Amino acid sequence: MIIGSAKDIVEHCGVPRYLHVDFPLGNPCGKPWDRDMQDRIVRQGLSLLHSATAPNQTVFSPETWGSDQWRRQYMEVNDENRAELARKGEQLRIDRSVRERRTV
Amino acid sequence: MDAHEPVAYIERTRRYYEAQGFEHAYQYAHYDETPFVRPAKPLSECRVGLITTASLTHRPPLSPRNVASTDITPPPASLFTDDLSWDKQATHTEDLNSYCPLATLQSLQAEGYIGEVCDRLHCAPTEYSQRSTLEKDAPELLQRLREDGADVALLVPL
């Protein structure tokens, strides 16, 4: 079974059992150092091994991160960073081209 | 977007890489059929395998990403996560147990909630290649889990 935080990616794939933890990517098994929360999440996830009756049925953890700012900020594209992202992409393509020429 | 809706990562990453000038969006894996099997034993008798998408050790950029395994005794002090796309603004991965719940599983074993944690932890950092995952990584992971005697497996993508 899967415990994760990228609901749409996991559901798009299709998995036998999925516990969705609605946190920023990186801590799907609980907030850092919060052992009680981590216990609750993993315990709930493992319970799906017997409680799930069919695949592709997302179960939601009731745990909350405590803020929502991260929802907007992750890989955000806005007027302030659009030009920088374009430059970054161009540099990545240049770097790739250099690597490809070196391997020829 | 609603302030409390799960983030739509497929669209979010598409827009991000489109802003960088990449024309072709990454095609996330999709399958029309999903296997489903009920465990043959109660959870309290199951050997539980654990899989993470973090790397076992530091990886130089552009180096191959292969399945790697390590004994859980002693547990790894840390795993390598720098090159994965977790949210580096919002949080950190200094606590291994927040994304690779080995200690939690061992606690549940001590309690009797699960039978036993398998002797090895498996690291499966993705190459972002569906072919590589299907033809190389997944069969390798399955073989290792079978070697471990796993009855069930917990996969935590980072």
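Residues numbered from 1 in each chain as written. Chains lettered and ligands numbered in written order. Predicted model: local features only at pLDDT ≥ 70, side-chain atom pairs only at ≥ 80, totals over all residues.

**Re the overall build of chain A**
Within chain A, the regular secondary structure consists of four helices and three strands. Beginning at the N terminus, the succession of helices and strands in chain A can be written as β-α-β-α-β-α-α. In terms of C-alpha radius of gyration, chain A reaches 19 Å, well past the compact-globule figure of 13 Å for 104 residues. For the C-alpha atoms alone, the extent of chain A along its principal axes is close to 55 × 35 × 25 Å. Burial statistics for chain A: of 104 residues in total, 32% are counted as buried. Within chain A, contacts between residues separated by at least 24 positions form 51% of all contacts whose residues are at least 6 apart in sequence. (Helix = DSSP H or I, 4+ residues; strand = E, 2+ residues; numbered from the N terminus. Rg over C-alpha atoms; globule rule 2.2 N^0.38 Å. Buried ≥ 20, exposed ≤ 12 C-beta atoms within 10 Å, placed from the backbone. Contact = placed C-beta atoms within 7 Å.)

**Brief notes about the domain arrangement of chain A**
Domain assignment breaks chain A into domain 1 (1-66) and domain 2 (74-104). Here domain 1 of chain A and domain 2 of chain A have C-alpha centroids that lie 33 Å from each other. (Domains from an automatic or database assignment.)

**Comments concerning the interface of chain B and chain A**
Contacts between the two partners involve 51 residues from chain B and, on the opposite side, 50 residues from chain A. A class-by-class count of the residues in the side of chain B that touches chain A yields 31 nonpolar, 15 polar and five charged. (Nonpolar A, V, L, I, M, F, W, Y, C, P; charged D, E, K, R; others polar.)

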